[in-house]
Structures are given as structure tokens and as C-alpha cells.
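Take a look at the letters that make up each chain.
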Amino acid sequence: MLRFLLSLALCCSVGACVVPDSSTSGSSTRHSAEEGSPGRVTLLDYRTNQRLTLLNEAHTDPLTLYTEKRSSPSTKVTSNEIFQAMLERFDEQGFQGKASSGYAPVTGDGSVRAAIEVESGGVVRNLIVDLQNSAQNYAVLNECRAAFLQIYNITQQHQAVQNDSGKSLFDDQQRELNRHNAEKSQLR
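Residues numbered from 1 in each chain as written. Predicted model: local features only at pLDDT ≥ 70, side-chain atom pairs only at ≥ 80, totals over all residues. Heavy atoms only, no water.

### Quick look at the packing of aromatic side chains
- Applying the stated criterion across every chain, the model contains two aromatic pairs.
- Ring geometry for phenylalanine 148 and tyrosine 152: centres 5.6 Å apart, planes at 20°, overall stacked. Residue phenylalanine 148 and its partner tyrosine 152 are located together in helix α5 (residues 134-154), separated by four residues, close to a single helical turn.
- Residue class for tyrosine 152 comes out buried when judged on its relative accessible area of 7%.
- Geometry around tyrosine 152 places lysine 76 over its ring, the cationic atom sitting 4.3 Å from the centre. (Phe/Tyr/Trp six-rings, centres within 6.5 Å; stacked < 30°, edge-to-face > 60°. Helix = DSSP H or I, 4+ residues; strand = E, 2+ residues; numbered from the N terminus. Buried < 20%, exposed > 50% of the residue type's maximum accessible area, 1.4 Å probe, protein only. Lys NZ or Arg CZ within 6 Å of the ring centre and 35° of its normal.)

The structure is reproduced here in C-alpha cells:
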């Protein structure tokens, strides 16, 4: 973990570079794309229907995202440098060797447990843990999930959220205050 944090700090100060993937036959590329290239990582938990997404600033302007009202605040935007460091951490953990091309399933069918979907440099790859490959992919997905959640949790967000039922909380408090004040004035 210390090595990850040190490499993250180094990436933030020096910047990331393009690294071709020598372990493949040239049909896919490593996560490492140019620093300014749009990127997205989504963590899916099919058992709880939780979907968390991290975007980099090259993908989406944080001001634009956070000022639009959304039904869910589960998407965050981080800097290009931090995003790149996270992808490099994924590569260190063996994501490329275990991942498949394309998008992860939108919903699980009971056997699919979790997935990480990475879009970077115009390429989409996913790593799924299901009942058939859990032993093979679980360790890699778990390490990538830990790196993702660490970045996701430290990424600040001030999302405008559409919550029509939130108004009722304040209405209820106002009614209670009015009732309390009426009772108080009757006692005088």
C-alpha cells in the first residue's frame, strides 16, 4: 500500500507516460493511456446493485457534473494524474492478464458477483467474478477494488441531487416547531 501511495504521489508531481503493453500481441493496450485521455472506471456489485464510477477530468468537467441534479451521487471525477496512477496500480495487480474485452454485464444473473469495468484510451475491458472463475479472478478484482475504493473515498464531491422527499424532512420539522410554539404560548 505504501508503494501505491508513493507511486501516486510521484505520478501527481511528475505526470504519467504512455507505456505499450509488451505482454500482449498488440491486440489490446495497457490501461496506461496518455494523461489527458478520457477515462472511466466502474465498480459493480451485482448482489447489492451498487454501481460506483470514477471519471477523470479529461472525460468530464467536475463543475458540469456536480452542478447537474442527479438521482444518485455515485459518480465522481478525479484528476487525470490520480486516475492514471490508479490504472497503473490495476496493471501491477494483473488486471490486464485477467480482463476481457468489452463492457461488463449491466445486471448479474445470479452467478455473477462483481465486476470492474475500465474504459481508457478508447478501449473498454472488464474483470468479472462469477461462480465459475471466482478463484482465478477474485484476488485481482479484490486488489483493484481496494485501489479504486481508496481513490473513490478520498475524491471530494459536491453533487446536486434530486431528492423530492428531502423537503418533507424540513416541513415536518417546521410543523413540530409550530406545534411546540403554540403549546408554549397556551401555557402563558
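Here the narrative resumes.
### Quick word on the sheet that holds strand β4 (residues 100-101)
- Pairing in this open sheet of six strands is mixed, and the strands run β3-β2-β1-β5-β6-β4 from one edge to the other. Each edge of the open sheet is held by one strand with a lone partner, namely β3 (75-78) and β4.
- When strand β2 (residues 50-56) meets β3, the two strands line up parallel, connected through four bridges. From the neighbouring strand, threonine 53 faces β3, where its bridge partner is threonine 75.
- Here helix α3 (residues 80-92) sits on the sheet and contacts β1 (39-45), β2, β3 and β5 (112-120); the angle it forms with β1, its principal contact strand, is near 55°.
- Contacts from α5 reach β1, β2, β3, β5 and β6 (123-130) within the one sheet, and its direction differs from that of β6 by about 120°. (Pairing = 2+ DSSP bridges. Contact = heavy atoms within 4.5 Å. Axes fitted to C-alpha atoms, helices over the stretch in contact; angles between N-to-C directions.)

### Points about the nonpolar core
- With 23 residues, the main nonpolar core has Val41, Met86, Phe90, Phe95, Ile116, Val118 and Phe148 as its most contacted residues.
- The set of elements that each furnish at least two residues to this core consists of β1, β2, α3, β5, β6 and α5.
- Among the elements that line this core, the one with the most residues is α5, at seven residues.
- Residues Leu44, Ala104, Val112 and Ile128 belong to the second largest nonpolar core, which totals six residues. (Core = buried A, V, L, I, M, F, W, Y, C linked by side-chain atoms within 4.5 Å.)

### Quick look at the environment of threonine 155
- Checked against the element boundaries, threonine 155 lands in the loop between α5 and α6 (166-187).
- We classify threonine 155 as buried; its relative accessible area is 10%.
- Separated by 76 residues in the primary sequence, threonine 155 and serine 79 place their C-alpha atoms 9.1 Å from one another.
- Residue contacts for threonine 155: discarding those within four places in its chain leaves Leu54, Lys76, Val77 and Thr78.

### A few points about the packing of α3 against α5
- At a minimum axis distance of 9 Å, the contact between α3 and α5 shows a crossing angle of 165°. In terms of their interaxial angle, α3 and α5 are classed as roughly antiparallel. Two packed elements cross with a definite hand, and for α3 against α5 that hand is right-handed. Packed against α3, whose contacting residues are Ile82, Met86, Arg89 and Phe90, the element α5 presents Glu143, Cys144, Ala147, Phe148 and Ile151 at the interface. (Parallel < 35°, antiparallel > 145°, perpendicular 65-115°, else oblique. Left-handed = near helix turned anticlockwise from the far one by under 90°.)

### Description of unusual backbone geometry
- Backbone geometry places asparagine 49, a non-glycine residue, at a positive phi of 60°.
- Checked against the element boundaries, asparagine 49 lands in the loop between β1 and β2.

### Quick notes on α3
- In this model α3 runs 18 Å from its N-terminal to its C-terminal C-alpha over 13 residues, within 8% of the 18 Å that 1.5 Å per residue would give.
- With 10 of 13 residues buried, α3 lies mostly within the body of the structure.
- When α3 is considered as a whole, its buried residues turn out to be Asn80, Ile82, Phe83, Gln84, Ala85, Met86, Leu87, Arg89, Phe90 and Asp91.
- Following α3 by one or two positions, glycine 94 adopts a phi angle in the positive range, close to 95°. (Expected span 1.5 Å × (residues − 1).)

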